[in-house]
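Here's the letter readout for the chains.
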Amino acid sequence: MPPTDASTDAGTAPVTELGTDTGTCSGPRSGPSSGPGASTDSEDTLDLRLPDELIALFAAEAGAQGSPGDAMGDVTEAAMADTTGQARALCEASGDRRGTAETSAVALADDDLLDRVGGWGPTLTPVGVFHLVPVCVERDLPLITRWMNDPAVAEFWDLAGPESVAEEHLSLQLDGDGRSVPCLGVLDGDPMSYWEIYRADLDLLARHYPARPHDTGIHLLIGGVAHRGRGLGSTLLRAVADHVLDKRPSCARVVAEPDLRNTPSVSAFLSAGFRFSAEVDLPDKRAALMVRDRALRDLL
């Protein structure tokens with residue numbers, strides 16, 4: 001589970017935290033371990049029933065004789081062909097015509113666990129038209145690598161280095177079962193941020209808080225320096241969280257886990273309609289569990 005750190009909305013030095021305006025939001029270093037759980041508020045009750053998707057994944061892994069596609073569940077050949085076409089179109093539209101759309105095609109086809117993020121389409125925000133576009137490694141790796149080598153981003157994501165470092169991180173998601181989908185955030189046609197939309201209830205994070213079925217997590221980094229310090233982090237965080245709730249009817253909560261020490265980032269989450277739920281001990285930090293509830297979205 002990547003870290004949740006991004007920068008602040010102020011014009012000062014970036015502080016990375018998920019949902020703020022500095023260079024990073026939620027990155028890989030903040031993944032939970034198998035340590036003890038965290039305290040929670042009275043609104044978050046523990047659901048001891050394993051999600052059906054998790055049971056299905058265990059069954060698929062135990063059976064291991066089938067192909068990786070067997071773990072996807074009910075994805076039909078027709079749906080696979082459709083999502084492959086979408087991925088190829090996205091790659092070719094950006095100038096990548098080398099027949100390398102297959103990686104993104106897998107992400108689009110496999111993300112049944114997230115209701116096909118690649119097909120959600122654009123959403124109108126106060127700062128422009130925003131679109132989550134699933135990553136195509138051959139197209140996007142140089143840009144993502146450059147962002148990861150920004151010191152403000154590297155501090156929390158820990159993915160600085162040659163392209164192979166970021167490529168491995170992306171491949172773990174793209175070659176997985178679809179519980180996490182890496183995306184570029186495109187604002188008015190300009191790729192300006194990196195996002196990971198993931199099933200928090202199927203993630204290691206679920207060991208550290210009372211997860212509910214279909215809880216959806218968000219990791220974010222604002223890429224270019226020109227886009228930081230302008231309030232974009234909190235604005236886009238609200239927009240994407242609401243987009244998740246609109247496109248995933250089964251999801252009642254969007255969650256994030258910024259570093260508790262990053263007060264500007266936590267404030268950005270609060271500005272984006274999230275509430276502080278609990279302090280959570282993760283391997284590399286003590287995090288603030290932030291929650292955006294469907295039931296409260298029109299009030300916060």
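Small disclaimer: the values here were computed from a predicted structure and weren't measured. (Residues numbered from 1 in each chain as written. Predicted model: local features only at pLDDT ≥ 70, side-chain atom pairs only at ≥ 80, totals over all residues. Heavy atoms only, no water.)

## A look at the pattern of salt bridges
- Applying the stated criterion across every chain, the model contains 13 salt bridges.
- The residue Asp150 makes a salt bridge to Arg228 at a minimum N-O spacing of 2.9 Å. You can see Asp150 sitting in the loop between α4 (137-148) and α5 (151-157) and its partner Arg228 sitting in the loop between β5 (216-222) and α7 (232-247), a full 78 residues away along the chain.
- A relative accessible area of 17% means that Asp150 is categorised as buried.
- Several salt bridges converge on common partners, so that one network encompasses Asp242, Asp246, Arg292 and Arg297. (Salt bridge = Lys/Arg side-chain N within 4 Å of Asp/Glu carboxyl O. Helix = DSSP H or I, 4+ residues; strand = E, 2+ residues; numbered from the N terminus. Buried < 20%, exposed > 50% of the residue type's maximum accessible area, 1.4 Å probe, protein only.)

## Some thoughts on the packing of α4 against helix α6 (residues 163-174)
- Close contact between α4 and α6 brings their axes to 9 Å; oriented N to C, the two are set at 130°. On the basis of their axis angle, the class for α4 and α6 is oblique. Note on packing geometry: the crossing formed by α4 with α6 is right-handed. Residues Val137, Leu141, Pro142, Ile144 and Thr145 of α4 form the contact with α6, whose own contacting residues are Glu163, Ala166, Glu167, Leu170 and Leu174.
- Per-class residue counts for the contact of α4 with α6 are 7 nonpolar, 1 polar and 2 charged. (Axes fitted to C-alpha atoms, helices over the stretch in contact; angles between N-to-C directions. Parallel < 35°, antiparallel > 145°, perpendicular 65-115°, else oblique. Left-handed = near helix turned anticlockwise from the far one by under 90°. Contact = heavy atoms within 4.5 Å. Nonpolar A, V, L, I, M, F, W, Y, C, P; charged D, E, K, R; others polar.)

## With respect to the sheet that holds strand β2 (residues 128-134)
- Read across the sheet, 8 strands follow the order β1-β2-β3-β4-β5-β6-β8-β7 without closing on themselves; strand pairing throughout is mixed. The sheet terminates laterally at β1 (123-125) and β7 (275-282), the two strands that pair on one side only. Each strand of the sheet is rotated relative to its neighbour by a mean of 30°, with strand direction disregarded.
- In this structure, strand β6 (residues 253-256) lies alongside strand β8 (residues 285-293), joined through 4 bridges in antiparallel fashion. Counterpart to Arg253 in the pairing with β8 is Asp293. (Pairing = 2+ DSSP bridges.)

## Regarding helix α8 (residues 263-271)
- Taken residue by residue, α8 has Ser265, Val266, Ala268 and Phe269 as its buried positions. Each buried residue of α8 lies within a common arc of 155° when the element is viewed along its axis, so the set occupies one face.
- The inward-facing, buried residues of α8 contact α7, β6 and β8.
- Looking one or two residues past α8, Gly273 carries a phi angle of roughly 95°, positive in sign. (Arc of directions from axis to C-beta.)

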